[in-house]
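# Reading the structure
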Amino acid sequence: MNVDENDLLHPAHGLQNTYNEYKETADWLLAEIRIRPQIAVICGSGLGGLADLLSDKTTIPYEKIPRFPKSTVPGHAGKLVFGELRGKPCACMQGRFHFYEGYPINEVTFPIRVFHLMGIETLIVTNAAGGLNDEFKVGDIMIINDHINLPGFAGLNPLRGSNEERFGVRFPCMSDAYDKTLRQMALDSSQDLGYQDFIHDGVYCMLAGPSYETIAESRLLKILGADAVGMSTVPEVILARHCGMRVFGISLITNKVVMDYNSQEKANHEEVLQTSRHRAEALLRLISNLVGKIN
Ligand code: HPA
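Note that the coordinates shown come from a computational prediction; the quantities given were computed from them, not determined experimentally.

## Quick look at helix α7 (residues 215–224)
Every buried residue belonging to α7 is among I215, S218 and L221, and all of these are buried. Projected down its long axis, α7 carries its buried residues within an arc of 120 degrees, all on one side. Contacts made by the buried residues of α7 are with α5 (150–153), β7 (199–206) and β8 (228–230). Directly after α7, the chain includes G225, whose backbone phi takes a positive value near 105 degrees.

## A short note on the packing of helix α2 (residues 19–32) against helix α4 (residues 110–117)
In contact at an axis separation of 8 Å, α2 and α4 are set at 65 degrees when each is read in the N-to-C sense. For the pair α2 and α4, the crossing hand works out as right-handed. Of α4, the residues touching α2 (which contributes Y19, E21, Y22, K23, T25, A26 and L29) are F110, R113, V114 and L117. Of the residues belonging to the contact of α2 with α4, the class tally is 7 nonpolar, 1 polar and 3 charged.

## Some words on the confidence of the model for the protein
Overall, the predicted model of the protein reaches an average pLDDT of 89, with 91% of residues at or above 70. Low pLDDT (under 50) marks residues 1–14, which in the prediction has 11 contacts with non-local residues, meaning those over four places away or in another chain.

## Here's the deal with the environment of K23
With respect to the element layout, K23 can be found in helix α2. The partly exposed category is assigned to K23, whose relative accessible area is 30%. Placed 161 residues apart in sequence, K23 and Q184 show a C-alpha to C-alpha distance of 33 Å.

## Digging into the nonpolar core
Counting 52 residues, the largest nonpolar core has L29, L80, F82, F115, M118, L123 and M245 as the members making the most contacts within it. With sequence-adjacent residues up to four places away left out, L123 is seen in contact with A40, I42, I112, E236, A240, M245, R246, V247 and F248. V41, L47, I143 and A280 belong to the second largest nonpolar core, which has 32 residues in total.

## Thoughts on the packing of aromatic side chains
Scanning the entire structure with this criterion turns up 9 aromatic pairs. Aromatic side chains Y19 and F167 sit 5.1 Å apart centroid to centroid with 40 degrees between the ring planes, which places their arrangement in the tilted category. Here Y19, found in helix α2, pairs with F167, found in the loop between α5 and α6 (180–192); they are 148 residues apart in sequence, far enough to count as distant. The two residues Y19 and F167 agree in class, both being buried. Ring geometry for Y62 against F68: centres 5.3 Å apart, planes inclined by 50 degrees, an arrangement best described as tilted. Residues Y62 and F68 agree in their burial class; the two are buried. Taken together, the ring pairs in this structure connect Y19, Y22, Y62, F68, F97, Y103, F110 and F167 into an aromatic cluster. A cation over an aromatic ring shows up here: R166 above the ring of Y19, its NZ or CZ 4.1 Å from the ring centre.

Rules used in this analysis
- Residues numbered from 1 in each chain as written.
- Predicted model: local features only at pLDDT ≥ 70, side-chain atom pairs only at ≥ 80, totals over all residues.
- Heavy atoms only, no water.
- Buried < 20%, exposed > 50% of the residue type's maximum accessible area, 1.4 Å probe, protein only.
- Helix = DSSP H or I, 4+ residues; strand = E, 2+ residues; numbered from the N terminus.
- Arc of directions from axis to C-beta.
- Contact = heavy atoms within 4.5 Å.
- Axes fitted to C-alpha atoms, helices over the stretch in contact; angles between N-to-C directions.
- Left-handed = near helix turned anticlockwise from the far one by under 90°.
- Nonpolar A, V, L, I, M, F, W, Y, C, P; charged D, E, K, R; others polar.
- pLDDT = per-residue confidence, 0-100.
- Core = buried A, V, L, I, M, F, W, Y, C linked by side-chain atoms within 4.5 Å.
- Phe/Tyr/Trp six-rings, centres within 6.5 Å; stacked < 30°, edge-to-face > 60°.
- Lys NZ or Arg CZ within 6 Å of the ring centre and 35° of its normal.

Quick look at the structure:
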């Protein structure tokens with residue numbers, strides 16, 4: 001079969017990095033830092049402030065890291081920050097890579113396997129999401145208990161292509177993607193902090209973006225069982241589960257998704273960033289409390 005070079009460049013094609021490429025980046029990072037991180041946190045839109053809570057920090061801009069893509073979205077800083085949070089050695093991604101920016105799916109998820117090879121066992125993912133569930137208000141926090149990989153329905157899965165057994169099995173299980181113990185610990189943390197009025201759990205649905213949903217699409221997602229919708233997180237979670245990392249995910253509900261043709265509301269990125277700023281602190285405190293509980 002002849003493979004057209006342009007076809008290989010298509011983002012859905014499943015370009016792949018080799019095991020050694022991930023390993024080289026992991027070894028490069030380990031040589032740059034003194035700590036040996038156990039937990040990685042991916043900071044979503046407007047949630048990069050977590051890195052400021054780390055002590056004894058080493059900050060590495062993405063452009064310095066071999067093979068790391070660069071972030072292009074306003075509100076995403078593009079730095080990897082290492083340090084201690086509540087005494088736990090952590091890596092914190094300030095800015096993530098989104099599929100809608102044009103990265104092939106292997107680049108969106110590149111850091112995950114690097115983290116795994118650095119010895120990180122727990123991944124915490126955060127994001128800004130639109131609320132579909134009627135009970136959710138702007139500024140609420142949703143602990144992700146499951147996801148819908150909608151781009152995956154159309155063939156866009158980060159594991160597409162030949163399988164690298166050193167990372168994981170060909171057909172990984174996803175029915176336990178979001179660690180039950182970590183979810184319970186986060187619920188306990190939200191009680192400790194008095195957040196019970198604005199904490200929920202629910203299903204996160206990923207769309208590729210960058211356009212927001214039409215009303216018909218939003219209604220469809222709700223019927224499908226999604227509680228919140230966003231444009232990230234799911235590819236990273238799939239890769240992390242493939243290589244056996246424990247995953248905890250959390251969404252900040254930055255806007256209510258428009259469901260009604262008579263509504264004057266329109267989704268916009270400014271509102272998303274504004275809400276993130278408003279409730280970011282509470283969300284970061286919750287993560288910090290949770291990290292303190294992780295063994
Ligand atoms: N839809 C999709 N992605 C989002 C939204 C939304 O309403 N809010 C924040 N990210």
